[in-house]
Structure formats: structure tokens, C-alpha cells
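Structural overview
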Amino acid sequence: MTRHLDPDETGLKRAAEMLRRGGLVSFPTETVYGLGADASDDEAVARIYEAKGRPSFNPLIVHLPDAEAVEALCMMDDTARRLAAAFWPGALTLVLPIRPYAGISKLVTAGLDTLAVRVPDHPLAQALLRETARPVAAPSANPSGRVSPTTANHVLAGLAGRIEAVLDGGPCGVGLESTILDCTGVTPALLRAGGLPAEAIEACLGVPLAPPPVTPATAPSAPGQLSSHYAPKGTVRLDATETEPGETYLGFGPLGAEMNLSRSGDLVEAAANLFDCLHRLDALGAERIAVAPIPDHGLGRAINDRLRRAAAPRR
Ligand code: TXA
Ligand code: MG
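Described in the following lines is the structure provided in the data block.

A count of helical and extended segments in the protein chain gives 10 helices and 14 strands. Expected size for 315 residues packed as a compact globule is a radius of gyration near 20 Å; at 19 Å, the protein chain falls within 12% of this value. Residues classed as buried in the protein chain amount to 54% of the 315 residues present. A separation of at least 24 residues holds for 68% of the contacts in the protein chain among residues at least 6 apart in sequence. Summed over its atoms, the accessible surface of the protein chain is roughly 13,300 Å², and 53% of this surface lies on carbon and sulfur atoms.

What follows covers the side chain of K52. Looking at the element boundaries, K52 is found in helix α2 (residues 42-52). For the buried K52, which has no salt bridge, the nearest side chain bearing the opposite charge is E177, at an N-O separation of 8.0 Å. Excluding residues that lie within four positions of it along the chain, K52 makes contacts with L35, P139, S140, N142, P143 and S144.

What helix α7 (residues 152-159) keeps buried is the set A152, H154, V155 and L159. Down the axis of α7, the sector holding all buried residues measures 155 degrees, keeping them to one side. More than 90 degrees from the buried face of α7, the exposed residues found are N153 and A157. Its buried side turned inward, α7 meets β1 (3-5), β2 (25-27), β3 (34-38), α2, β8 (165-167) and α9 (267-284). G161 sits one or two residues past α7 and shows a positive phi near 90 degrees.

Another point: unusual backbone geometry. Note that the residue after W88, namely P89, is joined by a cis bond; omega there is -5 degrees. Structurally, P89 is set in the loop between α4 (78-87) and β5 (92-97). Even without being glycine, Y101 reaches a positive phi, approximately 60 degrees. Along the chain, Y101 turns up in the loop between β5 and α5 (106-109). On the accessibility criterion, Y101 (84% relative accessible area) is exposed. Residue D239 is not a glycine yet carries a positive backbone phi of 50 degrees. Along the chain, D239 falls in the loop between β11 (235-237) and β12 (248-251). Classification of D239 as exposed rests on a relative accessible area of 55%.

Both faces of the sheet carry side chains from a regular strand, because those side chains alternate between them. Summarising burial for β5: 5 of the 6 residues are buried, a large majority. Here β5 pairs with strand β9 (residues 179-182) via 4 bridges, running parallel. Paired with L92 across the two strands is T179, which belongs to β9.

On to the sheet that holds strand β4 (residues 61-63), then. A sheet is described by the order of its strands in space; here 10 strands give the open sequence β1-β8-β2-β3-β7-β4-β6-β5-β9-β10, paired in mixed fashion. Looking at the sheet topology across the chains shown, the edges are occupied by β1 and β10 (189-192). Sitting on the sheet, α4 is in contact with β5 and β9, with an inclination near 160 degrees to β5.

Once that is clear, we can look at the environment of E202. Along the chain, the position of E202 falls in helix α8 (residues 198-205). Judged by relative accessible area, which is 27%, E202 ranks as partly exposed. Residues E202 and P232, 30 residues apart in the sequence, show an inter-C-alpha distance of 32 Å. Excluding residues within four positions of it along the chain, E202 makes contact with V207, P208 and L209.

Parameters and conventions
Residues numbered from 1 in each chain as written. Chains lettered and ligands numbered in written order. Predicted model: local features only at pLDDT ≥ 70, side-chain atom pairs only at ≥ 80, totals over all residues. Heavy atoms only, no water. Helix = DSSP H or I, 4+ residues; strand = E, 2+ residues; numbered from the N terminus. Rg over C-alpha atoms; globule rule 2.2 N^0.38 Å. Buried < 20%, exposed > 50% of the residue type's maximum accessible area, 1.4 Å probe, protein only. Contact = heavy atoms within 4.5 Å. Areas by Shrake-Rupley, 256 points an atom, 1.4 Å probe, with all protein chains shown as cover. Lys, Arg positive; Asp, Glu negative; His and termini not counted. Salt bridge = Lys/Arg side-chain N within 4 Å of Asp/Glu carboxyl O. Arc of directions from axis to C-beta. Pairing = 2+ DSSP bridges. Axes fitted to C-alpha atoms, helices over the stretch in contact; angles between N-to-C directions.

If you want it as C-alpha cells, here you go:
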């Protein structure tokens with residue numbers, strides 16, 4: 001049975017205790033709900049893959065309370081430190097060289113000599129990480145290939161009975177996964193567009209981000225390389241200015257749509273609503289979904305990335 005924990009002292013203590021004993025606990029972050037496990041515990045991490053039904057070549061993000069805790073596990077150069085100072089806590093994940101003997105399960109890194117790390121900007125996530133006092137590996141708390149959860153009920157809809165608990169912190173503020181940067185080269189490379197717009201990162205660095213490094217098709221370095229991902233159950237048609245018979249319309253801007261990402265055309269609001277709309281379309285049994293055009297700048301780039309994946313042929 002999966003417990004639904006309140007966001008109070010008792011709920012936090014329980015959640016931390018479960019994590020320290022090798023359990024799986026879903027917790028809120030500002031981006032999406034994570035499915036947490038002690039990153040130093042091989043068995044606990046293995047259970048993440050089992051609960052999600054996730055292909056095991058996908059490495060996981062480790063969550064830590066601050067940059068100091070990150071630096072104890074990873075090597076950070078001046079660029080990484082600058083990014084950390086500007087954007088942590090926040091929706092930014094850095095892929096960094098891992099220190100020898102960092103004590104992180106090989107199942108987390110999938111055997112790579114790098115580690116993806118993030119300092120979440122959510123009071124409950126922060127409190128849980130401090131109370132647990134372990135590095136916490138956490139992918140999004142959804143079955144593999146499904147839409148990421150932005151409420152505790154989304155988590156339960158996908159994973160009830162498969163995890164120990166969900167800590168309920170209400171809806172996530174950002175609503176899209178973190179932006180992932182590979183910081184192992186001279187110039188950071190964008191591995192996944194996400195909740196922190198690339199433009200903000202480039203403004204901080206004063207240089208354009210590098211394109212993603214080329215990786216073998218068998219070893220995707222971020223979900224960007226997996227074509228079908230973030231999918232609702234129905235099929236998805238993009239850039240639709242009107243609907244065809246039998247389609248449910250997901251609008252953007254002042255349109256008479258059944259469901260709307262943001263009537264005022266606000267990309268931040270659209271990002272926060274995206275996954276909830278896709279979950280609601282699933283709940284409605286929508287078989288064919290038509291989505292309005294979304295501007296391709298700022299958070300719109302991450303929204304379009306998720307929508308393209310939702311529309312990709314299923315495997
Ligand atoms: O917002 C988020 O990032 C959420 C919340 C829970 O923090 N987490 C999340 O984790 O989206 P996940 O596991 O769904 O996505 C992590 C992605 C993986 O698909 C993986 O390919 C990439 O990060 N990744 C992890 N470690 C990596 C590494 N060492 N090198 C390159 N990519 C890595
Ligand atoms: Mg995910």
C-alpha cells in the first residue's frame with residue numbers, strides 16, 4: 001500500500017525514515033514530482049527502475065540540498081560554480097565529473113564517470129533532503145514513457161501500490177523537468193531543454209551553449225535521445241490551428257478550446273499546466289489530441305520539446 005503523507009513534520013520524518021531504510025518515496029520539487037531513493041543504496045535504486053518499468057541504460061539525477069553537498073561528490077570548475085551560484089536552488093541539472101569513491105550506486109550513473117546533480121527549489125524537497133542526509137536519486141515519478149506528474153494524485157494514478165509513499169506538496173510551480181547541461185567540456189552543452197530557459201543560461205555565461213555531444217544510439221545521455229517519451233494515451237497532432245472531427249483541442253491563447261494551456265498566452269503558465277492537461281486528457285479518454293501552436297522561445301522551447309515527444313511514433 002502506498003501512503004499519502006501530509007507536508008508536515010510527521011510526514012517529513014516518515015518520508016526520510018523510509019528513504020533511509022531503502023524505500024521509494026515520491027516527493028514534490030518545483031519542476032515535477034520525483035521518485036526518490038537513497039542514491040548510495042544499490043537495491044533501493046534498482047527498485048526505482050522496477051517501479052517505473054524503466055530501461056536501465058538511463059542514468060538518474062541525484063538531488064542534494066546545496067552546492068557544497070554537490071561539490072563533495074563532483075568536480076566543479078569555474079563555469080559550473082558560476083551556474084550553481086546563479087541558478088541553484090532551481091530547475092537546472094548539471095552533468096559533472098564524479099569524484100572517485102563518491103559512494104554513488106553504479107545503477108545511478110549507469111556506469112558513466114559523470115553524475116547528473118540538482119539542488120531543487122522547493123521547501124519540502126529541501127527539508128526532506130536535509131532530514132534524510134543522503135544523496136537522493138530521483139527520476140520523475142511516472143511509469144516509464146508516461147507523462148511526468150505535477151500533483152500527488154498524478155503520482156498515485158501511475159505508481160500506487162508500487163512505492164512506499166508520496167509526500168503531498170500540492171501542484172508543482174514550474175511543471176516541466178529541469179534543464180540539463182553537460183558541464184564536462186569547455187562550453188556547457190544543452191542535453192535537455194527544461195524549466196530554466198536556455199536564454200537565461202546563455203545570458204549568465206555570456207556565450208552560446210554548445211550543441212549536445214554525439215553519443216552512440218545505444219547509450220542515450222538524456223531523454224532527448226529517446227523519441228517517444230512524455231506521451232499521453234491518445235495520439236497527438238501538433239501546430240493545429242483548428243480541430244478535425246473526433247479530436248480534442250488543447251489550446252494556447254484566447255481560443256475557444258476544450259482545454260487551454262494558457263488563455264492569456266503566458267508560457268510560464270502553459271509550462272505549469274502542460275502535464276496536468278495531458279493527465280486530464282488521459283482521464284477524459286481523449287483518443288486524438290490536437291495541440292495549438294506554441295511560440296518557440298523561452299519555456300516554449302521546452303514545451304515544444306515535450307509535445308514533439310508526445311507526438312512521436314510509439315515504440
Ligand atoms: O526536474 C527534473 O529533473 C526531475 C525532478 C524529479 O528533479 N527529474 C528528472 O529525472 O527528470 P529523470 O531521471 O526523469 O531525467 C534525468 C535524465 C535522464 O533521462 C538521463 O538520461 C539524464 O538525465 N542523465 C542522468 N545522468 C546523466 C549523465 N551522467 N550524463 C548525461 N545525462 C544524464
Ligand atoms: Mg521522466
